[in-house]
Amino acid sequence: MKFLYDKNAGEERLKIVNEAFLHLKARRVEAGERISVRNLRDGKEYIYEIDEIERRSVNLSLVFASLNCEHKFDFTIAWAVVDPKTIEKALPFLNELGVSKIAFVYTKFSQANFKIDLEKLNYINALSCEQCGRTSLMEFEIYKNLDELMSVYKNVSAINFGGKNLSEKRDDEILIIGPEGGFSEDETAKFKNIYGLNTKNILRSQTAVISVAAKFLA
């Protein structure tokens, strides 16, 4: 663990409980030790000293704060809504690779009953940041259909079979990964360009989105 995430980092005193407390307990921390805590919003690293270790919590006192040399991420990808469990499993990989924003889109073949729990995604994202050392949270957006996405992002192109080589992608294009059933004919006609991955196999949605991110970020 590179640091501990707490949304209240920066306050004079913190009480660490629940899963974060278990992390510290597993590290066998002792009173008097200093740990790094971040809120993943302001780019600062906060150093706290452990005052007291209780049965189910750890009390911390702020020692000092320092500006963190935050790396800026600027890769946005769109992803047609799939089973939230699938999204949750893929999220740490995308976070580690450096995706800055995911725009979730309900497409024709997305199941409308799938609901995106942003609070849960942010929590998973924060845990991933603790492990990989990333200092800012990934952003999330939700769009009710492709037209709404395209009203915000003017150059949306799709990942689909038989498309052009990804090396031809322009910097101003936003790529969208489809759901398991792919895009409908009406949706396909709306894309500025269609790009394909260099594989003959049928990829699951999460495999495709991780592959595209790795192509440009790894």
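Use the structure listed above.
Every value quoted in this text rests on a predicted model; they were computed, and no experiment measured them. (Residues numbered from 1 in each chain as written. Predicted model: local features only at pLDDT ≥ 70, side-chain atom pairs only at ≥ 80, totals over all residues. Heavy atoms only, no water.)

## Quick word on the overall build of the protein chain
Across its full length, the protein chain carries six helices and eleven strands. For the protein chain, the spread of C-alpha atoms along the principal axes amounts to about 60 × 35 × 30 Å. Looking at the protein chain alone, contacts between residues at least 24 apart form 68% of all its contacts between residues at least 6 apart. Of the roughly 12,100 Å² of accessible surface on the protein chain, 47% is carried by carbon and sulfur atoms. Charge separation in the protein chain, taken as the distance between the mean sites of 31 positive and 32 negative side-chain charges, equals 3 Å. (Helix = DSSP H or I, 4+ residues; strand = E, 2+ residues; numbered from the N terminus. Contact = heavy atoms within 4.5 Å. Areas by Shrake-Rupley, 256 points an atom, 1.4 Å probe, with all protein chains shown as cover. Lys, Arg positive; Asp, Glu negative; His and termini not counted. Charge placed at Lys NZ, Arg CZ, Asp CG, Glu CD.)

## A word on the packing of helix α2 (residues 84-97) against helix α6 (residues 205-217)
Here α2 crosses α6 at 5°, and the two axes come no closer than 10 Å. Our classification of the angle between α2 and α6 gives roughly parallel. From α2, Thr86, Ala90, Phe93, Leu94 and Leu97 reach across to α6, where they touch Gln206, Val209, Ile210, Ala213, Ala214 and Leu217. Among the residues forming the contact of α2 with α6, the class breakdown is nine nonpolar, two polar and no charged. (Axes fitted to C-alpha atoms, helices over the stretch in contact; angles between N-to-C directions. Parallel < 35°, antiparallel > 145°, perpendicular 65-115°, else oblique. Nonpolar A, V, L, I, M, F, W, Y, C, P; charged D, E, K, R; others polar.)

## Some details on the sheet that holds strand β6 (residues 75-80)
An order of β8-β7-β6-β10-β9-β11 is seen for the six strands of this open sheet, with the pairing classed as parallel. Either end of the sheet is taken by a strand with one partner, and the two such strands are β8 (139-143) and β11 (194-196). Ignoring strand direction, the axes of neighbouring strands in this sheet form an average angle of 35°. Note that β6 and strand β10 (residues 174-177) share three bridges and pair parallel. (Pairing = 2+ DSSP bridges.)

## A closer look at the packing of aromatic side chains
Taken as a whole, this structure holds five aromatic pairs when the rule is applied. Measuring from ring centre to ring centre gives 6.1 Å for Phe104 and Phe140, while their planes differ by 25°; the resulting arrangement is stacked. Pair noted here: Phe104 is in strand β7 (residues 99-105) and Phe140 is in strand β8, with a separation of 36 residues, a long-range link. Comparing Phe104 with Phe140 shows no difference in burial state: the two are buried. An angle of 70° between the planes, with centres 4.9 Å apart, marks the rings of Phe183 and Phe191 as edge-to-face. Here Phe191 falls in the buried class, since its relative accessible area comes to 8%. Grouping aromatic residues by their ring pairs yields a cluster made of Trp79, Phe104 and Phe140. The ring centre of Phe73 lies 4.0 Å from the NZ or CZ of Arg134, which sits over that ring. Above the ring of Phe216, the side-chain terminus of Lys169 is found at 5.3 Å from the ring centroid. (Phe/Tyr/Trp six-rings, centres within 6.5 Å; stacked < 30°, edge-to-face > 60°. Buried < 20%, exposed > 50% of the residue type's maximum accessible area, 1.4 Å probe, protein only. Lys NZ or Arg CZ within 6 Å of the ring centre and 35° of its normal.)

## Points about the side chain of Ser100
Following the sequence through the fold, Ser100 ends up in strand β7. Here Ser100 is in contact with Phe73, Asp74, Phe75, Thr76, Arg134, Met138 and Glu139, once residues within four sequence places are set aside.

None of this, on its own, says anything about what the molecule does.
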